[in-house]
Number of protein chains: 4
Amino acid sequence: MAERFTHEITVTWGDCDPAQIVYTGRIPNFCLDAINAFCDAHLGGGWFFQELDHNIGMPFVNMTIDFRAPVTPRHRLVCSVAVEKLGSKSVTFRVEGHQDGGLCFEGSFTEVFTIADQFKSREIPADIRTVLEKHRIK
Amino acid sequence: MAERFTHEITVTWGDCDPAQIVYTGRIPNFCLDAINAFCDAHLGGGWFFQELDHNIGMPFVNMTIDFRAPVTPRHRLVCSVAVEKLGSKSVTFRVEGHQDGGLCFEGSFTEVFTIADQFKSREIPADIRTVLEKHRIK
Amino acid sequence: MAERFTHEITVTWGDCDPAQIVYTGRIPNFCLDAINAFCDAHLGGGWFFQELDHNIGMPFVNMTIDFRAPVTPRHRLVCSVAVEKLGSKSVTFRVEGHQDGGLCFEGSFTEVFTIADQFKSREIPADIRTVLEKHRIK
Amino acid sequence: MAERFTHEITVTWGDCDPAQIVYTGRIPNFCLDAINAFCDAHLGGGWFFQELDHNIGMPFVNMTIDFRAPVTPRHRLVCSVAVEKLGSKSVTFRVEGHQDGGLCFEGSFTEVFTIADQFKSREIPADIRTVLEKHRIK
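Cut-offs used in this document
Residues numbered from 1 in each chain as written. Chains lettered and ligands numbered in written order. Predicted model: local features only at pLDDT ≥ 70, side-chain atom pairs only at ≥ 80, totals over all residues. Heavy atoms only, no water. Contact = heavy atoms within 4.5 Å. Buried area = accessible area lost by both parts, 1.4 Å probe. Salt bridge = Lys/Arg side-chain N within 4 Å of Asp/Glu carboxyl O. Pairing = 2+ DSSP bridges. Helix = DSSP H or I, 4+ residues; strand = E, 2+ residues; numbered from the N terminus. Core = buried A, V, L, I, M, F, W, Y, C linked by side-chain atoms within 4.5 Å. Buried < 20%, exposed > 50% of the residue type's maximum accessible area, 1.4 Å probe, protein only. Least-squares fit on C-alpha atoms with pLDDT ≥ 70 in both. Arc of directions from axis to C-beta. Polar contact = N/O pair within 3.5 Å; in protein donor to acceptor, adjacent residues only side chain to side chain. Phe/Tyr/Trp six-rings, centres within 6.5 Å; stacked < 30°, edge-to-face > 60°. Disulfide = S-S within 2.5 Å.

(A) Quick look at the interface of chain A and chain B. Counting from both sides, the interface comprises 23 residues of chain A and, opposite them, 23 residues of chain B. Note on chain A versus chain B: buried area summed over both sides is about 1,900 Å², and carbon and sulfur give 63% of it. Of all residues in chain A, Tyr23, Met63 and Phe67 of chain A give up the largest surface area on contact with chain B, accounting jointly for 26% of the area buried on that side. Connecting chain A to chain B are zero salt bridges.

Here it is as structure tokens:
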């Protein structure tokens, strides 16, 4: 049974478009913020720290998002993050966004691991792999 | 043989992250800008005009993007937009981003058509369908 | 002695530019987020609620920001919000951003109050004025 | 008589908030885009090129913007950029945004010049100064 990390986002006026709901282009950014928060909480630091302090790059190779219901400022947006797939050199995160108990969007986001200053792919470091395993959903 | 619409984007310093390439979260926004520019050029107006002047909403239900190569400010970003799939109430756009002749990202973006003030799905209006057909790739 | 509202922001990789510090264009947005959080906490709702539920618009007429030191993801960004000036139809907020005890930026932001659906200026409602007075710095 | 550089921006649905006008937080970003376009056109490259290719940093120390009228997608946004003040180590740009002949916003933006990899202030390079002088308004 995997642990499920959650990250809360306060949706604001500035995130909304004239349809009075969050603009589509903001949602991938919310998902990325949730993944970065996961890394910050569980991998000893978000992308800024992985890249600058540990020379570990984590560029994205794919994102896929299904938009299920509009997101609005009327409720907190709760994003859950789990590991959907774990390769030797890549990880796919599952992100789901809920408001007021209802699913608003869900998506998959695949990152590869690189030696940052060489922009060359690498195996996932053992300590990071151990943590990702714990958050893996069957 | 479908017409291929292109939209040029000037990538800037502010679009880039500390890896000196465009931040992942900016790329879906570039794609949306390209689709909106297509609507502006060919459908008589982008989403702002469809929604406010024609009561036609076009919410997204899915986006899928493959990131093939980094995007940088060193070259213009040329986004091509074509119609990949055309349903009775939905359209899937294909967006490809090239820099200096190389493919940087490619993705599919599906919008449904709605009666905007009722947030209810509707058939694609005939005049819009005619235009979308002309931009359809086999 | 005025109460000082604070709003914490998690600065991320995506907020930073290739100089490895927050991009200038993000900082006004951080300030706006802090003011909106103040309204949310103290005025019964941020701009979304004022506009849509109470027909109160709060458009900005001026912003002035001094950038004192770079902002980075290495520390939480603590934004304090207070009322600097209070007119009959406008309010000027003072926003200061600190990281690790040091001042990173400070600015003034003036909003006028409007009847939202008429886009016409109006007096600040009495209940809102009472709250703003409590947060006024001499 | 100074030359006046102009930069056109296509305002979109995604730039607008539920009041159906451009969100305040987008406008400083439009101004920065205009200044970067000026640098790109006249200084041999925007901030990305100054910093990475010439080791010249141009961090902002102040921005001041007056918002005069709403910005909407209904017209092209024409931003003019000129030099308002020129110090030995800093430049203040004047940016004005017009739509359909009317002034929407105007502001001043001060950047200092630095040796980028030392984050230390420096004199404005002679070739850059010559160009800035030509765009100076009395």
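Next, the rest of the story.
(B) Spotlight on the sheet that holds strand E7 (residues 114-115) of chain A. All names here are of chain A. The sheet built from three strands is open, its strands ordered E2-E7-E8 with antiparallel pairing. Each having just a single partner strand, strand E2 (56-57) and strand E8 (120-121) make up the two edges of the open sheet. Pairing between E7 and E8: two bridges, direction antiparallel. If you follow Thr114 over to E8, its bridge partner there is Ser121.

(C) The arrangement of the nonpolar core in detail. Counting 172 residues, the largest nonpolar core has Leu132 of chain A, Leu132 of chain B, Leu132 of chain C together with Leu132 of chain D as its most contacted members. Once you skip the residues sitting within four places of it in the chain, Leu132 of chain B turns out to touch Phe38, Leu43, Val83, Leu86, Val91, Phe93, Phe113 and Ile124 of chain B.

(D) Quick peek at unusual backbone geometry. All names here are of chain B. Phi at Gln20 takes a positive value of approximately 70°, unusual for a residue other than glycine. Tracing the chain through its elements places Gln20 in the loop between strand E1 (5-9) and helix H1 (26-42). According to the relative accessible area criterion, Gln20 is partly exposed, its value standing at 35%.

(E) Quick peek at the relation of the copies chain C and chain A. The two copies are related by a screw motion: chain C maps onto chain A through a turn of 180° and a shift of 0.0 Å along the axis, at an RMSD of 0.0 Å. On this basis, the relationship between the two copies can be described by a two-fold rotation axis. When each C-alpha of chain C is compared by its distance to the rotation axis, Ile9 of chain C comes out closest, at 5.4 Å. With an isologous cut-off of 70% or more, the 100% of interface residues of chain C that recur at the interface of chain A puts this contact in the isologous class.

(F) Representation of the relation of the copies chain A and chain B within the structure. Overlaying chain A with chain B gives an RMSD of 0.0 Å, the required rotation being 180° about an axis along which the chain moves by 0.0 Å. A symmetric contact is evident, with 100% of the interface residues of chain A recurring at the interface of chain B.

(G) Structural context of helix H2 (residues 47-54) of chain A. Residues and elements named next belong to chain A. Buried within H2 are the following residues: Trp47, Phe48, Phe49, Gln50 and Glu51. For H2, the elements touching its buried residues are helix H1 (26-42), E2, strand E3 (60-67), strand E6 (102-112) and helix H3 (126-134). Backbone geometry just after H2 places Asn55 at a positive phi near 60°.

(H) Main features of the pattern of salt bridges. If you walk through the whole model with that rule in mind, you get 34 salt bridges over all chains. Across the pair Arg74 of chain B and Asp53 of chain D runs a salt bridge whose closest N-O atoms are separated by 2.7 Å. A residue pair is termed interchain when its members come from two chains, as with Arg74 of chain B in the loop between strand E3 (60-67) and strand E4 (77-86) and Asp53 of chain D in helix H2 (residues 47-54). With a shortest N-O distance of 3.2 Å, Glu133 of chain C and Arg136 of chain C are connected by a salt bridge. The class of Glu133 of chain C is partly exposed, set by a relative accessible area of 36%. Under the relative-accessibility criterion, Arg136 of chain C is labelled partly exposed at 26%. What you see here is one network of salt bridges that share partners, running through Asp66, Arg68, Glu84, Arg94, Glu96 and Glu106 of chain B.

(I) The arrangement of helix H3 (residues 126-134) of chain D in detail. Residues and elements named next belong to chain D. Buried within H3 are the following residues: Ile128, Val131 and Leu132. Buried residues of H3 fall within an arc of 100° about the axis and therefore sit on the same side. Relative to its buried face, H3 has exposed residues pointing more than 90 degrees away, namely Ala126, Asp127 and Thr130. In this structure, the buried side of H3 is in contact with helix H1 (26-42), H2, strand E2 (56-57), strand E4 (77-86) and strand E5 (90-99).

(J) Fine view of the interface of chain C and chain A. Residue-level contacts link 14 residues of chain C with 14 residues of chain A. A combined buried area of about 1,500 Å² lies between chain C and chain A, and 68% of that area is made up of carbon and sulfur atoms. Contact with chain A buries area across many residues of chain C, yet Trp13, Phe48 and Arg74 of chain C alone supply 45% of it, more than any other trio. Inspection of the chain C/chain A interface yields two salt bridges. Applying the counting criterion to the chain C and chain A interface returns two residue pairs in polar contact (both at pLDDT 80 or more).

(K) View of the packing of aromatic side chains. Residue and element names in this part refer to chain A. In the structure shown here, the tally under the stated rule is 16 aromatic pairs over all chains. For the ring pair Phe38 and Phe93, a centre distance of 5.4 Å and an interplane angle of 65° mean the geometry is edge-to-face. One end of the pair, Phe38, is in helix H1; the other, Phe93, is in strand E5 (residues 90-99), with 55 residues separating them in the sequence. On the basis of relative accessibility, which here comes to 0%, the residue Phe38 falls in the buried class. For Phe93, a relative accessible area of 0% translates into the label buried.

(L) Summary view of the state of the cysteines. Following the criterion strictly, the structure yields zero disulfides over all chains and no others. For Cys31 of chain A, which is in no disulfide, the shortest distance to another cysteine sulfur is to Cys79 of chain A and amounts to 6.0 Å. Looking at the unpaired Cys16 of chain C, the closest cysteine sulfur is the one in Cys104 of chain C, lying at 12 Å. On the basis of relative accessibility, which here comes to 1%, the residue Cys16 of chain C falls in the buried class.

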